[in-house]
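An overview of the molecular structure
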Amino acid sequence: MTHVLVTGGAGFIGSHLVDELVSFGYDVTVVDNLTEQVHVGKPDYLNDEVEYIWGDIRDRELMTELLEDADVLNHQASAVGVGQSMYEIEKYVEVNTLATARILDIIVNEEIDLEKVIVASSMSSYGEGAYRCSEEDEIRYPPLRDAEQMKAGEWEHVCSECGAELEPIPTPESKPRESTSVYAISKRDQEELTLSVCRAYDIPAVALRYFNIYGSRQSLDNPYTGVCAIFSSRIKNNNPPLIFEDGQQTRDFIHVSDVARANRLAMESDASDVALNIGTGDPKTIHSIAQTLIELYGKDGELEPEIANDFRQGDIRHCFPDTALAAEEIGFEAEVGFKQGMRELVEWGRTQDAEDRFEEAQTELEEKGLVGED
Ligand SMILES: NC(=O)c1ccc[n+]([C@@H]2O[C@H](COP(=O)([O-])OP(=O)(O)OC[C@H]3O[C@@H](n4cnc5c(N)ncnc54)[C@H](O)[C@@H]3O)[C@@H](O)[C@H]2O)c1
Ligand SMILES: [Zn+2]
């Protein structure tokens with residue numbers, strides 16, 4: 001039986017992934033340190049068929065032992081807050097970049113024999129997505145909007161050549177990356193370190209560039225992560241979801257069960273030495289996400305998304321994936337529709353008691369000068 005070592009397997013994505021692997025007959029070991037910001041002790045959804053090791057991926061001795069027994073490494077563990085990464089710089093590089101480097105160092109120096117390595121990467125390292133200038137019929141990759149443009153409330157990108165408004169198009173894996181946070185840089189490091197070392201040692205490796213993932217078990221208490229979780233905890237506490245810019249910025253939201261399946265397909269396929277976008281290819285506006293969540297929580301008429309007349313420095317306007325390469329390489333296509341997936345999130349969310357820590361997190365970011373003001 002193939003033995004898969006999943007790092008971060010007690011987390012949001014990792015836990016769904018281990019359920020998927022167990023149901024397909026894999027033998028699974030998880031290493032997870034139950035990071036305090038994410039977990040309050042052991043989560044209640046642990047899988048009985050899985051061996052859990054409560055340890056740190058930075059521990060060389062432990063990782064050597066665990067890798068010796070593994071056939072496949074699936075590396076999900078990371079520190080995951082974009083805003084927070086801008087002041088906890090050393091920690092993000094240590095947990096993400098350095099720990100990945102150490103794991104690879106173990107693999108090549110301790111005669112670890114692996115059939116496959118999968119690493120969780122992120123769309124955040126693209127920076128802005130791909131755009132098209134319809135005046136000139138040219139592809140454009142604009143940099144982040146500058147403070148002046150944001151302050152003027154000119155939210156959409158314009159063509160640097162002709163000034164026409166740019167139209168967002170699906171972002172292919174080949175788009176030059178422009179990592180604009182320490183988190184994004186560290187995710188790119190994890191991906192590039194893994195692919196280049198595995199290439200040199202002939203170990204099949206696949207990096208999955210996840211877009212925005214939502215679903216049950218997402219940490220509603222961690223205010224530095226997903227917008228769905230943040231909106232949910234605001235709505236549940238009878239506070240309006242706060243929307244930056246004008247709410248017309250888009251994101252690609254993919255359900256966590258689709259992401260778990262993408263991981264299994266990547267592992268089972270012959271794909272190697274490749275990074276793949278994992279998303280739906282069907283972007284939604286932030287305003288429509290907030291509205292959908294309000295409806296699903298039954299607070300229609302009571303709450304309205306609130307345009308905060310604010311913006312966050314470093315936010316992108318649009319980025320959604322070109323999904324063709326994932327379809328070709330691993331036969332993956334997202335299956336869970338947005339409403340269906342959101343309904344599941346909300347049903348689960350009702351059973352959780354989320355503290356609304358949004359304001360606390362917002363204050364912390366403001367203190368560090370990371371939120372723009374009018
Ligand atoms: N959630 C998203 O939308 C999204 C998007 C893009 C990429 N990703 C990536 O997906 C992966 C999983 O993210 P998630 O959303 O499930 O986050 P999560 O915080 O729920 O899960 C991460 C898990 O890793 C564990 N962990 C953290 N540091 C560790 C360490 N030093 N040693 C051992 N375990 C450690 C945590 O305890 C947690 O259980 C991450 O690599 C993240 O960068 C997530
Ligand atoms: Zn132009």
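Note on numbering: residues in each chain are counted from 1, in written sequence order. Chains and ligands are labelled sequentially in the order written, the chains with letters from A and the ligands with numbers from 1. For a predicted model such as this one, the threshold for reporting local features is a pLDDT of at least 70, and the threshold for listing and counting side-chain atom pairs is 80 or more; totals across whole chains, interfaces and linings nevertheless cover every residue. Water and hydrogen atoms play no part in the side-chain values, which are based on all heavy atoms of the structure.

Let's shift gears to the side chain of H318. Numbering goes from the N terminus for both helices and strands, where a helix is a DSSP run of H or I of at least four residues and a strand is a run of E of at least two. Position of H318 among the secondary structure elements: in the loop between β16 (306-307) and α10 (324-330). At 2.7 Å, the side chain of H318 and the side chain of T250 are in polar contact. Working rule for contacts: check all heavy atoms of both residues, and any pair within 4.5 Å makes them a contact. Leaving out residues up to four positions away in the same chain, H318 has contacts with E128, G129, Y131, E156, P168, Q248, Q249, T250 and R251. Polar contact criterion, stated in full: a pair of N or O atoms within 3.5 Å, where within protein one must be able to donate a hydrogen and the other to accept it, and residues adjacent in sequence count only if both atoms are side-chain atoms.

Here we take up the side chain of K187. With respect to the secondary-structure elements, K187 resides in helix α6 (residues 182-200). No salt bridge is formed by the buried K187; its nearest oppositely charged neighbour, E191, is found at 8.7 Å. A distance of 2.9 Å separates a polar atom in the side chain of K187 from the backbone oxygen of A120. There is a polar contact of 2.6 Å between the side chain of K187 and the side chain of Q190. Ignoring any residue separated from it by four or fewer positions in sequence, one finds K187 in contact with S78, N96, A120, S121 and S122. Here's how the labels work: a residue is buried when its accessible area is under 20% of the maximum for its type, exposed when over 50%, partly exposed in between, all with a 1.4 Å probe on protein chains only. Here Asp and Glu are counted as negative and Lys and Arg as positive; His is not counted, and neither are the chain ends. Think of a salt bridge as a Lys or Arg side-chain nitrogen and an Asp or Glu carboxyl oxygen that are within 4 Å of each other.

What follows concerns the environment of Q84. Tracing the backbone through its elements, the reader meets Q84 in helix α3 (residues 82-85). Classification of Q84 by relative accessible area gives buried; the value is 3%. Separated by 97 residues in sequence, Q84 and S181 have C-alpha atoms that sit 9.5 Å apart.

Next up on the list: α6. In a regular helix each residue adds 1.5 Å, so 19 residues correspond to 27 Å; α6 covers 27 Å between its end C-alpha atoms and thus fits that length. Residues of α6 that are buried sit in contact with β4 (72-75), α3, α4 (89-109), β5 (116-122), β9 (205-210) and β14 (274-278). Multiplying one less than the number of residues by 1.5 Å gives the expected span of a helix.

Turning our eyes to something else, we now look at the domain arrangement of the chain. Domain delimitation follows an automatic or database domain assignment. Under the domain assignment used here, the chain contains domain 1 (3-129 + 171-367) and domain 2 (130-170). Here the C-alpha centre of domain 2 lies 28 Å away from the C-alpha centre of domain 1. On the side of domain 2, 15 residues touch domain 1, which itself brings 21 residues to the contact. Regarding the contact of domain 1 and domain 2, the summed buried area is about 1,600 Å², with carbon and sulfur atoms giving 64% of it. Put simply, domain 1 and domain 2 have 2 salt bridges between them. As a salt-bridge pair, E156 and R317 come within 2.9 Å of each other at their nearest N and O atoms. The interface formed by domain 1 and domain 2 includes 9 residue pairs in polar contact (both at pLDDT 80 or more). By convention, the term buried area covers the 1.4 Å-probe accessible surface removed from two parts as they join, with the contributions of both added.

A word on the nonpolar core. Here, nonpolar core means buried Ala, Val, Leu, Ile, Met, Phe, Trp, Tyr and Cys residues that are tied together by side-chain atoms lying within 4.5 Å of each other. Core analysis: the biggest nonpolar cluster contains 34 residues, and V28 and I278 have the highest contact counts within it. Counting only elements with at least two residues in this core, the list comes to β1 (3-7), α1 (12-23), β2 (27-32), β5, β9, α8 (256-268), β14 and α10. Core analysis: the second largest hydrophobic core is formed by 25 residues, L67, A99, I106 and A205 among them.

Let's shift gears to the coordination of the zinc ion (ligand 2). Ideal coordination angles are 109.5 degrees for a metal with four donors arranged tetrahedrally and 90 or 180 degrees for a metal with six donors arranged octahedrally. All of the protein donors around the zinc ion (ligand 2) are C133 (SG), E136 (OE), C159 (SG) and C162 (SG); their distances to the metal are 1.8 to 2.3 Å. Donor criterion used throughout: N, O or S atom within 2.8 Å of the metal, extended to 3.2 Å for Na, K and Ca. Water excluded; incomplete-looking sites may result. Donor angles set the geometry label: tetrahedral for four donors if every angle is between 85 and 135 degrees, square planar for four and octahedral for six if opposite donors exceed 155 degrees and the others are between 65 and 115, irregular for anything else. The coordination sphere of the zinc ion (ligand 2) comprises 4 donor atoms, whose angles at the metal cover 100 to 117°; the geometry is tetrahedral. Taking the relative accessible area as the measure of exposure, C159 reaches 4% and is therefore buried.

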